[in-house]
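Per-entry structural report
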Amino acid sequence: RLIIWTRVTPREPGFVTVEWEVASDDGFADIVASGVGNTDEAVDFTLKADVTGLAAGTTYFYRFRVGDVLSTTARTRTAPSGATASAAFAVVSCSNYPAGYFNVYREVAAQPVDAVLHLGDYIYEYAPGGYASANAEALGRVVQPASELFSLADYRGRYAQYRTDPDLQAAHGAHPFIVVWDDHEIANDAWREGAENHDPATEGEYSERRAAAIQAWYEWLPVRPPASEQEIIYRRLPYGDLVDLIMLDTRVIGRDRQFVYPDFVSGGRIDIDATRAASNAADRTLLGAEQLAWLETQLIDSSARWQVLGQQVLMARYLLPAPILEALEPSISGGDALAAGTAAVLAAVAAKNKIPEERTVEEQALLDSAVPYNLDAWDGYAFERDRVLEVARQMNSRLVALAGDTHNAWASQLVASTGEVVGVELATASVSSPGLEAVLGVDAAGLFSPLIATLVDDLVYANLIDRGYLVTRFGQDTVTAEWRYVSTIDSQDYSEKTAAFRQQVVQRGDLLLT
Ligand SMILES: [Fe+2]
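Residues numbered from 1 in each chain as written. Predicted model: local features only at pLDDT ≥ 70, side-chain atom pairs only at ≥ 80, totals over all residues. Heavy atoms only, no water.

Quick notes on the layout of surface pockets
Basically, it comes down to this: Detection works on a 1 Å grid of protein atoms alone, calling trapped sets that fit a 1.4 Å probe cavities and calling open sets with protein on both sides within 12 Å along at least five of seven lines pockets, with lining residues defined by an atom within 4 Å of a point. Grid points are joined across faces, edges and corners, and a volume is the space filled by probe spheres set on the points. Numbering of helices and strands starts at the N terminus; helices are DSSP runs of H or I of at least 4 residues and strands are runs of E of at least 2. The classification used treats Ala, Val, Leu, Ile, Met, Phe, Trp, Tyr, Cys and Pro as nonpolar, Asp, Glu, Lys and Arg as charged, and all other residues, Gly among them, as polar.
Empty space within the second largest pocket amounts to approximately 1400 Å³. Along its surface, the second largest pocket is lined by 44 residues, and Asp-189, Tyr-373, Asn-374, Asp-376 and Leu-436 are the ones closest to its centre. Those elements that place two or more of their residues in the lining of the second largest pocket are α9 (322–328), α11 (337–352), α14 (437–440) and α15 (442–455). For the lining of the second largest pocket, the per-class residue count stands at 26 nonpolar, nine polar and nine charged.

Written out as structure tokens, the structure reads:
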């Protein structure tokens, strides 16, 4: 069973009848399912067919017809059932149209995978000239409509523009997509009742904006609408007995408002105790009570070889000595943040590289000052994260958390409060949104990539400078992660950046990243 999707460019207003066909071959000699659907303005002329009766673990081809106009042919694949030896997913996030060409989608289209997991930021809500738009005019990628997105018509117009991109079309045409939203499908740093980039005083009711954004998301993405509330996108997709793919919503349904470091600055310093107390508070929630209970049930009931979380924000602990974060916090540093940050990083790395007995009191205190790097991630909701990891520990889960959101690539151990490793986190770079190189400069970001893996206890790998994607191949006893990058997004003349390629093989037995 799967959803096929198209959108009709209408010649005139009113109702359009669309025929669809699913075949086992791309010549459509062997048509296995077909049907007719209707679409109109009410759904922005998009059409989804929920195709049933297909064989498991099988590749199909599909196309649509309106009168004598035939669509291009697309390929898709059903999930396997029963005994399953392997499954592969391409993982992408943060596809920002004005930031550059979607070369990453072009690469993803060519990968032999079962499905593409898009972990959110499929679109961005900004006006022309907004975030990451410095090259947009030169690249012919100025966003439409020519405003920030607020209304249903705005969001529809932005999806329509993204969907004209030939590289995005190629990726959709080659693989089924399994999608969840992050914040920019609505507005930056969205949470349950608002967003950083939403001012109710001048931009209207947040709930209305959110409803418009969600409606357009369902119209323009190949997602089966839920029977009940449209806000509920958390769901489980089994890939036979091998993988339980557990997709989460860490933005809309339950998230408490994010902390930001200015909340914890006192006397020009980060108040470490206050930061830890707030981010570890037991009543603080990222998933919300219902989704958390549902997730725990999934982990308890899962008998698959791997429990895979398809979700947005980094889940592992990313703690850095407070002086590094103070250097990067504009409300504290003011002056040359990069020089101060570099000095703080080098001092911390020097301390970290000594065995504990050889550290000075100051060096140990520096390392002991570690606080979360990113309060918008699970680190800002640590109690709930630790509860999920504890359930995974008790159930002896084989947990693989996939993440997007940061625009950079990461690999970390997931470690329960007991100190036991319960899984790995594999996080993808962005399709096109800028990473830390845009903040630090390419040289400093390149320098920091290995240093940050030294500094952060559970972190094994970071790439802070390249655009790319992640391929995860699950077998009975191993999961192989491959981070693949492109040479540029400023030109369609690009190549795979093989020098940055990184592979990690994780054994199911010990779950260790090496
Ligand atoms: Fe993003």
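Considerations on empty space enclosed by the protein
Applying the stated criterion across every chain, the model contains one cavity of 30 Å³ or more. The volume enclosed by the largest cavity comes to roughly 50 Å³. Lining the largest cavity are Asn-96, Pro-98, Tyr-124, Tyr-126, Ala-127, Tyr-131, Ser-133, Val-143, Arg-158 and Tyr-162. Taken together, the residues of the lining of the largest cavity sort by class into seven nonpolar, two polar and one charged.

What to know about the pattern of salt bridges
A side chain of one charge can pair with a side chain of the opposite charge when the charged atoms of the two come close. Quick note on the threshold: Within this document, salt bridges are pairs made up of a side-chain nitrogen of Lys or Arg and a carboxyl oxygen of Asp or Glu, the two lying within 4 Å of each other. Between buried and exposed lies partly exposed: a residue is buried under 20% and exposed over 50% of the maximum accessible area for its type, with that area taken using a 1.4 Å probe on protein chains only.
Applying the stated rule across the entire model yields 35 salt bridges. For the salt bridge of Arg-77 with Asp-114, the shortest nitrogen-to-oxygen distance reads 3.1 Å. Of this pair, Arg-77 sits in strand β7 (residues 74–77) while Asp-114 sits in the loop between α1 (103–110) and β9 (115–118); the two residues are 37 residues apart in sequence, bridging distant segments of the chain. For Arg-77, a relative accessible area of 27% translates into the label partly exposed. Overall, the relative accessible area of 12% leaves Asp-114 in the buried class. Here Glu-420 ties to Arg-393 by a salt bridge, and the two come within 3.2 Å at their closest N and O atoms. Here Glu-420 is found in the loop between β21 (409–415) and β22 (421–427), whereas its partner Arg-393 is found in helix α13 (residues 382–394), with 27 residues between them in sequence. Each of Asp-182, Arg-251, Arg-255, Asp-376 and Asp-405 takes part in salt bridges that share partners, so that together they form one network.

Things to note about the UniProt feature "domain: Phospholipase D N-terminal" (unreviewed entry) in the protein
Applied cut-off: UniProt positions are given in the numbering used here, feature names are shortened, and annotations may be inferred rather than shown by experiment.
The positions UniProt marks with the feature "domain: Phospholipase D N-terminal" (unreviewed entry) are residues 2–78. Helix makes up 0% of residues 2–78 and strand 56%. Its end C-alpha atoms lie 7 Å apart.

Comments concerning the side chain of Ser-432
Let me state the cut-off plainly: Residue contacts are defined here by distance: any two heavy atoms, one from each residue, within 4.5 Å place the two residues in contact.
By the secondary structure assignment, Ser-432 is in the loop between β22 and α14. Non-local contacts of Ser-432, meaning those with residues more than four positions away in its chain, are made with Cys-94, Ser-95, Asn-96, Tyr-97, Ala-99, Gly-100, Phe-102, Arg-467 and Ile-489.

Thoughts on the sheet that holds strand β25 (residues 478–485)
To keep things clear, this is the line we draw: Pairs of strands are assigned from DSSP output, requiring at least two bridges between the strands. Simply put, an axis is a line fit to the C-alpha atoms, just over the touching stretch for a helix, and the angle between two N-to-C directions goes from 0 to 180 degrees.
As summarised here, the arrangement of the six strands in space is β10-β9-β8-β24-β25-β26, forming an open sheet in which the pairing is mixed. Strand pairing shows two members of the sheet lacking a second neighbour, β10 (177–179) and β26 (502–507), which therefore form its edges. In this sheet, adjacent strand axes meet at a mean angle of 20 degrees when their direction is disregarded. Taken together, the four bridges between strand β8 (residues 86–92) and β9 define a ladder with parallel strand orientation. Pairing of Phe-89 across the sheet is with Ala-115, part of β9.

Let's talk about the coordination of the iron ion
Coordination angles at a metal have ideal targets, namely 109.5 degrees for four tetrahedral donors and 90 or 180 degrees for six octahedral donors. Heads up, the rule is: Coordinating donors are taken to be N, O and S atoms lying within 2.8 Å of the metal, or within 3.2 Å when the metal is Na, K or Ca; because water is excluded from the atom set, some sites may appear incomplete. Only four donors with every angle between 85 and 135 degrees are called tetrahedral; only four or six donors with opposite donors over 155 degrees apart and all others between 65 and 115 are called square planar or octahedral, in that order; all others are irregular.
Around the iron ion, the donor atoms from the protein are Cys-94 (SG), Asp-121 (OD), Tyr-124 (OH) and His-407 (NE2), and they sit 2.1 to 2.5 Å away. Around the iron ion sit four donor atoms; with metal-centred angles ranging over 89 to 169 degrees, the donor geometry is irregular. Sequence spacing among the residues donating to the iron ion works out to C-x26-D-x2-Y-x282-H. A residue pair is termed long-range when its members are at least 10 positions apart, and Cys-94 in the loop between β8 and α1 and His-407 in the loop between β20 (399–403) and β21 qualify at 313 residues. What makes Cys-94 buried here is its relative accessible area of 0%. His-407 gets classed as buried once you look at its relative accessible area, which sits at 8%.

Regarding the UniProt feature "domain: PhoD-like phosphatase metallophosphatase" (unreviewed entry) in the protein
Residues annotated in UniProt with the feature "domain: PhoD-like phosphatase metallophosphatase" (unreviewed entry) correspond here to residues 89–483. For residues 89–483, helix accounts for 35% and strand for 19%, while the C-alpha atoms at its two ends are 12 Å apart.

Details of the pairing of β7
Burial of β7 is one-sided: the residues Ala-74 and Thr-76 facing one way are buried, the residues Arg-75 and Arg-77 facing the other way are not. Across four bridges, strand β5 (residues 59–66) lies against β7 in antiparallel orientation. Across the sheet, Thr-59 pairs through a bridge with Arg-77, a residue of β7.

Comments concerning the sheet that holds strand β13 (residues 235–239)
Within the open sheet, the seven strands sit side by side as β13-β14-β17-β20-β22-β21-β23. Their pairing is mixed. Only two strands of the sheet have a single neighbouring strand rather than two, namely β13 and β23 (459–463). Within this sheet the neighbouring strands show an average axis-to-axis angle of 20 degrees, counted without direction. Looking at chain direction, β21 and β23 are connected through four bridges and run antiparallel. Paired with Trp-410 across the two strands is Ala-462, which belongs to β23. Against the sheet, α13 touches β20, β21 and β22, its axis set at about 125 degrees to β22. Relative to the sheet, α15 contacts β21 and β23, its axis offset from that of β23 by approximately 165 degrees.

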